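Structural characterization, general
Chain by chain, the residues:
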Amino acid sequence: MIQVRFAAPGVDVEFQAASGITALFGAAGAGKTFILDAIAGFATPASGRIILDDEILFDGASRVNLPPRHRHCGYVARQWALFPHMTLHDNLLFPLAALARLPRLDRHRRVKEMLERFALQGSASRRPRDVSPADRLRATVARALIGEPKMLLVDDPAAGLDIALREEWHKTLRLVRDETSLPILLATRDADTCFELAGSMLLLNRGHVLQSGAPRKVFDQPAGLEAARLLGIRNLFPAEIVALDPGRNTSRLRLENFELTGPYLPGRLRGDRVWLCVEPGRLRAAPHDGAKPSANQVAARLERASEMPRALRLEFAGGIVAEIARREFDPQPKDNEEWLVEFPPHALRVLGCP
């Protein structure tokens, strides 16, 4: 268990993380790397406390600040920092040289076990430049773990990777997650990585934690407009609550150019101003056939259609974005064509006051 509460210029955070992967999710400059560096001992907060498994790593009030080598933290840096002049075997052996208590034979045994664990036996005698990127990635993780740390810190190594290498990275980190009980802090800007690997996430912005929880809950229930925008959620509309019907479990919401029926909103009042959001994939869209729009259908002019790996993204006037299965429409829709976009009531979410 890692317990973190510290402040520094531009950063003020408080959280804890147990075994498994906790994602630090945020844009560049959100404070992700500083948090990892502060835990590892490479950066010093101005105040606060960091505790790992009941051991104080940093305490500003009592001036405790353990050096990195005494913090028992493995660190996977963004650059996969292997020594270029050493073989993979020697890269793994090097961190053990600082463990004077560990006999020489035990060091080599530990290296052998780690090479086998990460399928590096065939590349052990080669230098980093002579092996595949996947081998370098696995060797970097193996070196971070070979000292048997109490936690693992991972700084967005998947950024810029191609699809195959990203899948290899996810496979490697899942292996570590499933075979150890370590707390793992993973800094990332990729939402798919959060869903793929993390049991919990911290949404960071400008050095502060805006929201925390399971990735699915954070994305489904953003804490507010700022959180929704940081999560990349589309279809954010200012709205006014014009009716509430607890008997039918419904509400009526007025947007700029149309009204929608939504779910009942406990704790809200008529006249409240809120932000309404709906995921693009939960909207339904079809070319307008001339019929009168039905409940929660809105006529909208298609401005752009763009291909996605598994869907077609449709962008309409008024900032409405829908994602539909590509196979549902043939031929490809034409720009400036009028469509009907349906907002299912159960898909509407209210975030709070503007």
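For the structure itself, look to the data block above.
Owing to the predicted nature of the structure, the values given are computational and were not obtained by experimental measurement.

All right, on to the pattern of salt bridges then. For the structure shown, the criterion picks out 26 salt bridges. The shortest N-O distance in the salt bridge between E113 and R109 comes to 3.1 Å. Of this pair, E113 and R109 are both found in helix 3 (residues 104-117), four residues apart, which corresponds to roughly one turn of the helix. On the basis of relative accessibility, which here comes to 41%, the residue E113 falls in the partly exposed class. Given the relative accessible area of 38%, R109 is considered partly exposed. For E168, the salt bridge identified is with R138, shortest N-O distance 2.8 Å. Highlighted residues: E168 in helix 5 (residues 163-179) and R138 in helix 4 (residues 133-145), separated in sequence by 30 residues. With respect to class, E168 is no different from R138; both count as buried.

Here N235 is to be found in the loop between helix 8 (225-230) and strand 12 (236-245). Assessed through its relative accessible area of 3%, N235 is described here as buried. At 2.7 Å, the side chain of N235 forms a polar contact with the backbone oxygen of V321. Among residues more than four places away in sequence, those in contact with N235 are L276, C277, V278, E279, P280, L283, G319, I320 and V321.

What follows is about the pairing of strand 11 (residues 208-213). As defined by bridge partners, strand 10 (residues 200-205) adjoins strand 11 across five bridges and the pair is classed as antiparallel. Its bridge partner being in strand 11, L204 is matched across the sheet by V209. What sits between the antiparallel neighbours strand 10 and strand 11 is a turn of two residues, in which R206 has the positive phi angle 50°.

Before going further, it helps to examine the environment of D155. You can see D155 is positioned in strand 8 (residues 151-155). Taking the C-alpha atoms as reference points, D155 and Q79, separated by 76 residues in sequence, lie 9.0 Å from one another. At a separation of 3.4 Å, a polar atom in the side chain of D155 contacts the side chain of R78.

Counting buried positions along helix 1 (residues 32-40) gives seven out of nine residues, so the element sits mostly inside the fold. Listed in full, the buried residues belonging to helix 1 are K32, I35, L36, D37, A38, I39 and A40. Of the residues flanking the end of helix 1, it is G41, one or two places downstream, whose phi is positive at about 100°.

This part is about the state of the cysteines. Considering all chains together, one arrives at zero disulfides under this definition. Not engaged in a disulfide, the cysteine C194 finds its nearest cysteine sulfur in C277; these two sulfurs lie 18 Å apart. Residue C194 is classed as buried on the basis of its relative accessible area, which comes to 0%.

As a general point, the strands of a sheet are linked pairwise by backbone hydrogen bonds and lie either parallel or antiparallel. Spatially, the five strands line up as an open sheet ordered 16-20-17-18-19, and their pairing is antiparallel. Edge strands, defined here as strands with exactly one partner in the open sheet, are strand 16 (284-287) and strand 19 (320-324). Each strand of the sheet is rotated relative to its neighbour by a mean of 40°, with strand direction disregarded. One ladder, built from five bridges, connects strand 17 (residues 297-307) with strand 18 (residues 312-316); its direction is antiparallel. Across the sheet, R304 pairs through a bridge with E315, a residue of strand 18.

In this section: helix 5. Counted at 1.5 Å a residue, the expected span for helix 5 with its 17 residues is 24 Å, and the 24 Å between its end C-alpha atoms agrees. Of the positions making up helix 5, those classed as buried are L165, E168, W169, H170, T172, L173 and V176. The inward-facing, buried residues of helix 5 abut strand 3 (20-25), helix 4, strand 8, strand 9 (183-188) and helix 6 (191-197). Between the side-chain oxygen of the N-cap and the backbone nitrogen of A164 there are 3.3 Å, and the N-cap of helix 5 in question is D162.

Looking now at the sheet that holds strand 14 (residues 259-263). As summarised here, the arrangement of the five strands in space is 14-13-12-15-21, forming an open sheet in which the pairing is antiparallel. Pairing within the sheet leaves two strands with one partner each, and these edge strands are strand 14 and strand 21 (349-350). Pairing of strand 15 (residues 273-277) with strand 21, which is carried by two bridges, proceeds in the antiparallel orientation. In the sheet register, C277 faces strand 21, and the bridge partner there is R349.

Reading the values: the criteria
Residues numbered from 1 in each chain as written. Predicted model: local features only at pLDDT ≥ 70, side-chain atom pairs only at ≥ 80, totals over all residues. Heavy atoms only, no water. Salt bridge = Lys/Arg side-chain N within 4 Å of Asp/Glu carboxyl O. Helix = DSSP H or I, 4+ residues; strand = E, 2+ residues; numbered from the N terminus. Buried < 20%, exposed > 50% of the residue type's maximum accessible area, 1.4 Å probe, protein only. Polar contact = N/O pair within 3.5 Å; in protein donor to acceptor, adjacent residues only side chain to side chain. Contact = heavy atoms within 4.5 Å. Pairing = 2+ DSSP bridges. Disulfide = S-S within 2.5 Å. Axes fitted to C-alpha atoms, helices over the stretch in contact; angles between N-to-C directions. Expected span 1.5 Å × (residues − 1).

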